[in-house]
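Structure at a glance
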Protein chains: 2
Amino acid sequence: MTEIERFLEDKKVRPTAMRILVYKYMAKRQISVALSDIENAFTKAERTTLYRTLKTFEENGIVHQIDDGTGITKYALCEIGCNCEIEQDLHLHFHCNNCQETVCLTAHKIPHINLPEGYLAKDVNLVVKGLCKNCSN
Amino acid sequence: MTEIERFLEDKKVRPTAMRILVYKYMAKRQISVALSDIENAFTKAERTTLYRTLKTFEENGIVHQIDDGTGITKYALCEIGCNCEIEQDLHLHFHCNNCQETVCLTAHKIPHINLPEGYLAKDVNLVVKGLCKNCSN
DNA sequence: TAATAAATGCACTTCCCTTGCATTAAATAA
DNA sequence: TTATTTAATGCAAGGGAAGTGCATTTATTA
Ligand SMILES: [Mn+2]
Ligand SMILES: [Mn+2]
Ligand SMILES: [Zn+2]
Ligand SMILES: [Zn+2]
């Protein structure tokens with residue numbers, strides 16, 4: 001049993017062939033991925049299976065979803081200490097207008113947001129757009 | 001010539017009947033609206049016309065778009081001092097999980113966001129979700 | 001091995017956004 | 001005013017991504 005298989009079982013996710021491939025793919029790329037990215041990476045992949053794979057991953061705290069404002073849902077592997085399950089995912093995301101890639105800036109927590117009287121915050125989504133470090137030169 | 005007609009002409013938008021109605025509708029409701037909201041408000045309205053009306057409004061600095069993460073584009077009238085045209089729209093938006101309404105918190109500016117070396121910010125989207133003042137009791 | 005449960009593949013649906021194009025209305029030129 | 005040009009509207013269709021139903025395959029458990 002490989003390390004990835006052990007990891008998935010730890011997360012109560014059965015390590016099927018496809019799931020292992022998807023996990024490996026996401027681990028190799030360090031940026032967030034869209035469903036279509038994975039679909040294109042494997043010629044013999046069924047979109048629905050991938051969709052449900054990501055859904056299962058998300059439900060079991062392996063990935064978290066990112067809404068970067070492009071209209072396309074992105075997914076990123078949760079890092080150690082990612083608490084997107086127990087509470088809101090408080091790190092910010094950066095979307096590059098040039099290379100179109102979205103990254104988790106896990107080290108950059110979202111600052112406290114002041115709200116008017118009576119408003120109760122449960123979740124915060126913060127997306128910064130601009131040029132990433134590869135494209136800003 | 002009414003005040004609204006003068007306002008629209010000021011913004012280089014021809015004050016057609018439909019445009020005036022849409023503007024009035026948005027002014028009456030203080031929360032942001034979806035295309036379908038307007039569509040439902042007027043029985044005799046064509047979705048495409050409304051779509052293009054909002055697009056024209058946006059291009060001329062009358063409304064700004066809001067991506068509140070619901071997957072449905074919302075629009076809100078720009079207030080005096082709204083600088084969504086010349087630079088990024090820096091105020092935050094609040095989406096209520098209960099009544100599903102999204103409001104501009106124009107008085108609440110987005111705090112400065114620290115980014116890692118090499119990242120260049122051009123735009124920021126901040127959406128807080130939770131319970132609005134009407135629903136938090 | 002048999003029974004059960006889970007994962008996958010395929011087809012289809014839904015939802016919203018967007019566009020093409022003919023028609024109608026308005027603005028401008030003659 | 002009338003003719004010409006330009007803009008707005010209405011209807012139909014297209015596109016993309018998310019999501020579902022169900023039969024089939026694969027894996028697990030009895
Ligand atoms: Mn993230
Ligand atoms: Mn706003
Ligand atoms: Zn980039
Ligand atoms: Zn509410």
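Residues numbered from 1 in each chain as written. Chains lettered and ligands numbered in written order. Predicted model: local features only at pLDDT ≥ 70, side-chain atom pairs only at ≥ 80, totals over all residues. Heavy atoms only, no water.

Our focus in this paragraph is the overall build of chain A. Counting its secondary structure elements, chain A contains 4 helices and 6 strands. What you see in chain A, going N to C, is helices and strands ordered as α-α-β-α-α-β-β-β-β-β. Overall, the C-alpha framework of chain A stretches about 50 × 35 × 25 Å when taken along its three principal axes. The 137 residues of chain A split such that 42% are buried. The long-range share in chain A, meaning contacts at least 24 apart out of those at least 6 apart in sequence, stands at 53%. The average position of the 17 basic charges and that of the 18 acidic charges among the side chains of chain A differ by 5 Å. (Helix = DSSP H or I, 4+ residues; strand = E, 2+ residues; numbered from the N terminus. Buried < 20%, exposed > 50% of the residue type's maximum accessible area, 1.4 Å probe, protein only. Contact = heavy atoms within 4.5 Å. Lys, Arg positive; Asp, Glu negative; His and termini not counted. Charge placed at Lys NZ, Arg CZ, Asp CG, Glu CD.)

Moving on, we get to the packing of aromatic side chains. For any two aromatic rings, the description comes down to two numbers: the centre-to-centre distance and the angle of the planes. Residue and element names in this part refer to chain A. Under the counting rule described, the total for this entry stands at 6 aromatic pairs over all chains. Between Phe-7 and Tyr-23, the ring centres sit 5.2 Å apart and the planes meet at 45°, which makes this aromatic pair tilted. Residue Phe-7 is located in helix 1 (residues 3-10), and its partner Tyr-23 is located in helix 2 (residues 17-28); the two are separated by 16 residues in the primary sequence. Residue classification places Phe-7 among the partly exposed positions, given a relative accessible area of 29%. Residue Tyr-23 is classed as buried on the basis of its relative accessible area of 14%. (Phe/Tyr/Trp six-rings, centres within 6.5 Å; stacked < 30°, edge-to-face > 60°.)

Strand order in the open sheet made by the 6 strands is 5(A)-4(A)-6(A)-6(B)-4(B)-5(B), with mixed pairing throughout. Where the open sheet ends on each side, the last strands, each with one partner, are strand 5 (102-109) of chain A together with strand 5 (102-109) of chain B. Across the sheet, the mean angle from the axis of one strand to that of its neighbour is 30°, orientation sign disregarded. Note: strand 4 (residues 91-96) of chain B against strand 5 of chain B, 5 bridges, orientation antiparallel. Bridge pairing in strand 5 of chain B links B:His95 to B:Thr102. (Pairing = 2+ DSSP bridges. Axes fitted to C-alpha atoms, helices over the stretch in contact; angles between N-to-C directions.)

Attention shifts here to the UniProt feature "binding site: Zn(2+)" (unreviewed entry) in chain A. The feature "binding site: Zn(2+)" (unreviewed entry), as given by UniProt, occupies A:Cys96, A:Cys99, A:Cys132 and A:Cys135 in the numbering adopted here. Across 40 residues in sequence, these annotated residues keep their C-alpha atoms within 8.1 Å of one another, forming a single compact spot. Mapped onto the elements of the fold, A:Cys132 is located in the segment after strand 6 (120-131). Look at A:Cys132 and you get buried, because its relative accessible area is 8%. The residues touching A:Cys132, leaving out its near neighbours within four places in the chain, are A:Phe94, A:Cys96, A:Cys99, B:Gly118 and B:Tyr119. With respect to the helices and strands, A:Cys135 occurs in the segment after strand 6. When neighbours within four sequence positions are excluded, A:Cys135 is seen to be in contact with A:Cys96, A:Asn98 and A:Cys99. (UniProt positions renumbered as here; feature names shortened; annotations may be inferred.)

All names here are of chain B. Protein-derived coordination of the zinc ion (ligand 4) comes from Cys-96 (SG), Cys-99 (SG), Cys-132 (SG) and Cys-135 (SG), at a distance range of 2.2 to 2.4 Å. Classification of the site at the zinc ion (ligand 4) as tetrahedral follows from its 4 donor atoms and the range of 102 to 115° in their angles at the metal. Mapped onto the sequence, the donors of the zinc ion (ligand 4) take the spacing C-x2-C-x32-C-x2-C. Across the pair, Cys-135 and Cys-132 agree in class, each one buried. (Donors = N, O, S within 2.8 Å, 3.2 Å for Na, K, Ca; no water. Tetrahedral: all angles 85-135°; square planar, octahedral: opposite > 155°, others 65-115°.)

This next bit is on the coordination of the manganese ion (ligand 1). Residue and element names in this part refer to chain A. Protein-derived coordination of the manganese ion (ligand 1) comes from His-64 (NE2), His-91 (NE2), His-93 (NE2) and Cys-104 (SG), at a distance range of 2.0 to 2.3 Å. Expressed as a motif, the donor residue spacing for the manganese ion (ligand 1) is H-x26-H-x1-H-x10-C. Each of the two residues, His-91 as well as His-93, counts as buried.

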